[in-house]
Amino acid sequence: EQVRLCLGAKLDPSHALLLNLMVRTGMRSCEARTFPLTYVFNPRTRKGLMPGQMIRVNLEPTDMHIKYGKPRSVDVPWSLMEDMWIYSLHQREIRRKRSGLAPCALVLTALGTEFSKGAVVDAMKAIEKKVGFPVRAHMLRHSYGTYTLSALRKNISFEGEPLLYVRDRMGHLSVQTTAIYLHLINQLDAQLVLAHEDEIDMLFTRGSNGSIDTGGD
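Residues numbered from 1 in each chain as written. Predicted model: local features only at pLDDT ≥ 70, side-chain atom pairs only at ≥ 80, totals over all residues. Heavy atoms only, no water.

> Please explain the side chain of histidine 172 as it appears in this structure.
Within the secondary structure layout, histidine 172 lies in the loop between α8 (162-170) and α9 (175-178). Among residues more than four places away in sequence, those in contact with histidine 172 are Arg28, Arg141, Arg167, Thr177, Thr178 and Tyr181. (Helix = DSSP H or I, 4+ residues; strand = E, 2+ residues; numbered from the N terminus. Contact = heavy atoms within 4.5 Å.)

> Looking at this model, I keep getting lost on the pattern of salt bridges. Mind explaining?
Think of it this way: side chains of opposite charge can pair up when their charged atoms draw near. Applying the stated criterion across every chain, the model contains 9 salt bridges. A salt bridge links arginine 167 to aspartate 168; the nearest nitrogen and oxygen atoms lie 3.0 Å apart. Residue classification places arginine 167 among the partly exposed residues on the basis of a relative accessible area of 23%. Residue class for aspartate 168 comes out partly exposed when judged on its relative accessible area of 33%. Residues joined by salt bridges that share partners form a network here, namely Arg28, Glu31 and Arg72. (Salt bridge = Lys/Arg side-chain N within 4 Å of Asp/Glu carboxyl O. Buried < 20%, exposed > 50% of the residue type's maximum accessible area, 1.4 Å probe, protein only.)

> Please clarify how the environment of aspartate 122 should be interpreted in this entry.
Assignment of secondary structure puts aspartate 122 in helix α6 (residues 117-131). A relative accessible area of 49% places aspartate 122 in the partly exposed class. Sequence-wise, aspartate 122 and histidine 15 are 107 residues apart; in three dimensions their C-alpha atoms are separated by 9.5 Å.

> How should the confidence of the model for the protein be read in this particular structure?
Where the model shows low pLDDT, its predicted coordinates should not be examined in detail. Of all residues in the protein, 87% attain a pLDDT of 70 or more, and the chain-wide mean is 88. Low pLDDT (under 50) marks residues 207-217, which in the prediction has 3 contacts with non-local residues, meaning those over four places away or in another chain. (pLDDT = per-residue confidence, 0-100.)

> So what exactly am I meant to see when it comes to the packing of helix α4 (residues 78-89) against helix α5 (residues 91-99) here?
Describing two packed helices takes the angle between their axes plus the distance from one axis to the other. At a closest axis distance of 3 Å, the pairing of α4 and α5 adopts a crossing angle of 35 degrees. When α4 is examined against α5, the residues Ile86, Tyr87, Ser88 and Leu89 are found in contact with a partner set consisting of Gln91, Arg92, Glu93 and Arg95. Across the contact of α4 with α5, the residue classes tally to 3 nonpolar, 2 polar and 3 charged. (Axes fitted to C-alpha atoms, helices over the stretch in contact; angles between N-to-C directions. Nonpolar A, V, L, I, M, F, W, Y, C, P; charged D, E, K, R; others polar.)

> What is the right way to read the environment of isoleucine 86 from this model?
Along the chain, isoleucine 86 turns up in helix α4. Judged by relative accessible area, isoleucine 86 falls into the partly exposed class, the value being 42%. Separated by 46 residues in sequence, isoleucine 86 and valine 40 have C-alpha atoms that sit 9.7 Å apart.

> Even after reading the chapter, I still don't get the packing of helix α7 (residues 137-154) against α8, so can you show me in this structure?
The interhelical angle for the contact between α7 and α8, taken along N-to-C directions, is 155 degrees, at an axis separation of 9 Å. For the element pair α7 / α8, the angle class is roughly antiparallel. Between α7 and α8 lies a crossing of right-handed hand. Taken together, the residues of α8 that come into contact with α7 (itself represented by Arg141, Tyr144, Gly145, Thr148, Leu149, Leu152 and Arg153) are Pro162, Leu163, Tyr165, Val166, Arg169 and Met170. A class-by-class count of the residues in the contact of α7 with α8 yields 8 nonpolar, 2 polar and 3 charged. (Parallel < 35°, antiparallel > 145°, perpendicular 65-115°, else oblique. Left-handed = near helix turned anticlockwise from the far one by under 90°.)

Dropping the structure here:
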């Protein structure tokens, strides 16, 4: 629900794009802020791509900052790729002209420069002020990991191993790191069960003033 509120808020275009890259692809902060302009294209012009599908994008350490310096791939939603393309044509150009520079990164600050680590922190604080609850880059990435793993485990048509898929998309060195999300999912499932039981209890309480009707005369 908090992610939905963030995505629906009227944010600075660059802040919104950073948030989307982290929460919808699992990128780290350093990866989202250095994501190259050259990786972006208009998905409508690519044969074989259709709205709603995921677009596999290979990340190379020679093009951007990747933790551990190891290449990996992420799956970018079709709609996000289109948003990035539109951003690159309009909002990014406005910002680039302010600096007169030719930065390699897609997402630029209001001054037309690439985002530093501190600038990303400031961007998250700006989002936080808009929505009224804490927003941190690592929280967005963790939300991606938890939700994606949970969704794939429930998807009977997914043929791969959900844990390995999330490991590879998030760039974890060990599957044990990814397995932490299993614990979080189990906690969430337990909370849902308890909430359901509480709701049932409330129904019985309202319907019978605390006593169970056995159906006798």
